[in-house]
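Residue-level structural notes
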Amino acid sequence: MAKGYRVAIMGATGAVGAQFIKILEERNFPIIEVKLLASQRSAGKKIIFEGKEHPVEVLTHQSFKGIDLVLSSAGAARSKEFLPSAVKAGAVCVDNSSAFRMDRDVPLVVPEVNSEAISLHKGIIANPNCSTIQMVVALYPLHNVSKIERIVVSTYQSVSGAGQKKVLELASQAKKIASRPDAFGVGKHKVEKSDINEFPYQIAYNLIPHIDVFLENSYTKEEMKMVLEARKIMGDESIAITATCVRVPVFYAHAESVNIQTRDKITAEEARRILGDAPGVKLIDEPSRNGYPMPLNDGEGTDAVFVGRIREDESIENGLNLWIVSDNLRKGAALNAIQIAESLYGISCD
């Protein structure tokens, strides 16, 4: 086995790119060379990796010579343009964009669920959407016990899932409102239109039930990603899934309220036992002690998918409700991609 790998990071200066670098260091992924790639405007910027400064290079079709692994989070358009060149150069690519997720010939992988699909790759392995990843990590262990027939999910997604500019806009709006002496009177916690640039509406102290573009069926692209991706990852096109995705004024980590109906009954206690032993899952479910997972307290900056508020749905047969929280930049993006690479090469970096 090689002592290490030559790794290129596409989108190295973005939020997920920063997490790639951080998590590769944390997990001691065996690297003998790292190449940091971004657009022209980031060229020459220096990023520290394993104690050394590395210059950011401009992404070109010639960037992949000698590279073993590409970790990509540069957007779907760049993935479609550049990853075929990486594959032609002999690299295996793990892509965090939506470019190839629903391609029949590209594995869509969450290692806790379908790691066996990695071996089917033809040079590109797709990393799922962040909200899909945390949902299937929590649901698949239950699906293995009793087939899930229907999923109803509502998401509460942090602004970091939309990029660093959105994070800064939430912070700016909240700061401006809080600086007013009458900030929290009725109608007083609104910002000027000039302060709204990154979202269609004010995000501070607000909820926006709109993530990605609307489609002809009146669902958003984000909602349909959850439907289509979950079926592909779980290997079951018959699962009925409906989703509502909401942007909330939280900086990091997504939360989801999930209702499932299974073929055979799984009690809440059985679900706790199953999920308590499930890979990648951490159970926080002690209602008597106000024990439940939250984005700020549990999800932000951590690797697990947290599950709590498990209870039987008394309105239907074989129904369960769950509350799921996870860091969208770590397990929802960079960590899952690196776990795919670890499985690909048969290495353990925990």
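Quick note: structure is the one above.
Here the structure, examined in full by the defined rule, presents 4 aromatic pairs. Taking 6.2 Å as the distance between ring centres and 50° as the angle between the ring planes, the aromatic pair formed by Tyr5 and Phe29 counts as tilted. Here Tyr5 is found in strand S1 (residues 5–10), whereas its partner Phe29 is found in the loop between helix H1 (15–26) and strand S2 (31–38), with 24 residues between them in sequence. For Phe29, a relative accessible area of 2% corresponds to the buried category. Among the aromatic side chains, those forming a connected cluster through ring pairs are Tyr5, Phe29 and Tyr345.

Attention now goes to helix H6 (residues 221–234). A rise of 1.5 Å per residue sets the reference length of H6, with its 14 residues, at 20 Å; its end C-alpha atoms lie 20 Å apart and thus fit the reference within 8%. Here H6 lies mainly inside the structure; 11 of its 14 residues are buried. Turning to H6, its buried residues number three or more, namely Glu222, Glu223, Met224, Lys225, Met226, Val227, Glu229, Ala230, Arg231, Ile233 and Met234. Close packing links the buried residues of H6 with helix H3 (111–114), helix H4 (130–145), strand S8 (148–157), strand S9 (240–247) and strand S10 (254–262).

Turning our eyes to something else, we now look at the sheet that holds strand S3 (residues 46–49). Read across the sheet, 7 strands follow the order S3-S4-S2-S1-S5-S6-S7 without closing on themselves; strand pairing throughout is mixed. Every interior strand has two partners, whereas the edge strands, S3 and strand S7 (124–126), have only one. The average angle at which neighbouring strand axes cross in this sheet is 25°, direction not considered. Examined bridge by bridge, strand S5 (residues 69–72) and strand S6 (residues 92–95) share 4 bridges and lie parallel to one another. Counted as the bridge partner of Leu69 is Val92 from S6. Along the sheet, helix H2 (residues 76–88) contacts S1, S5, S6 and S7; its crossing angle with S6, the most-contacted strand, is approximately 160°.

Another point: the sheet that holds S8. In space, the 6 strands of this open sheet follow the order S9-S8-S10-S13-S12-S11, with mixed pairing throughout. The open sheet terminates on both sides in strands that have one partner only, identified here as S9 and strand S11 (281–283). In this sheet, neighbouring strand axes are inclined to one another by 25° on average, regardless of whether the strands run parallel or antiparallel. The pairing of S10 with strand S13 (residues 319–326) spans 8 bridges and is antiparallel. Note that in S13 the partner of Gln261 across the bridge is Gly319. Taken strand by strand, H4 contacts S8, S10, S11, strand S12 (305–312) and S13, and its axis lies near 35° from that of S10.

So, on to the pairing of S2. Among the 8 residues that make up S2, 6 are buried, leaving the element largely enclosed by the rest of the structure. Bridge count between S1 and S2: 6 bridges; the pairing is parallel. Counterpart to Arg6 in the pairing with S2 is Glu33.

Bringing the state of the cysteines into the picture now. One pass over the full model with this rule turns up 0 disulfides. With no disulfide of its own, Cys245 has Cys130 as its nearest cysteine by sulfur position, at a separation of 9.0 Å. A relative accessible area of 0% places Cys245 in the buried class.

Interaxial distance between H1 and helix H9 (residues 330–345) falls to 9 Å at its minimum, and their mutual angle equals 50°. In terms of axis orientation, H1 runs oblique to H9. Crossing geometry of H1 relative to H9 is assigned as right-handed. The segment H1 lies against H9, with Val16, Gln19, Phe20, Lys22, Ile23, Leu24 and Glu26 engaging Arg330, Ala333, Ala334, Leu335, Ala337 and Ile338. The residue inventory of the contact of H1 with H9, partitioned by class, reads 9 nonpolar, 1 polar and 3 charged.

Criteria and thresholds
- Residues numbered from 1 in each chain as written.
- Predicted model: local features only at pLDDT ≥ 70, side-chain atom pairs only at ≥ 80, totals over all residues.
- Heavy atoms only, no water.
- Phe/Tyr/Trp six-rings, centres within 6.5 Å; stacked < 30°, edge-to-face > 60°.
- Helix = DSSP H or I, 4+ residues; strand = E, 2+ residues; numbered from the N terminus.
- Buried < 20%, exposed > 50% of the residue type's maximum accessible area, 1.4 Å probe, protein only.
- Expected span 1.5 Å × (residues − 1).
- Contact = heavy atoms within 4.5 Å.
- Pairing = 2+ DSSP bridges.
- Axes fitted to C-alpha atoms, helices over the stretch in contact; angles between N-to-C directions.
- Disulfide = S-S within 2.5 Å.
- Parallel < 35°, antiparallel > 145°, perpendicular 65-115°, else oblique.
- Left-handed = near helix turned anticlockwise from the far one by under 90°.
- Nonpolar A, V, L, I, M, F, W, Y, C, P; charged D, E, K, R; others polar.

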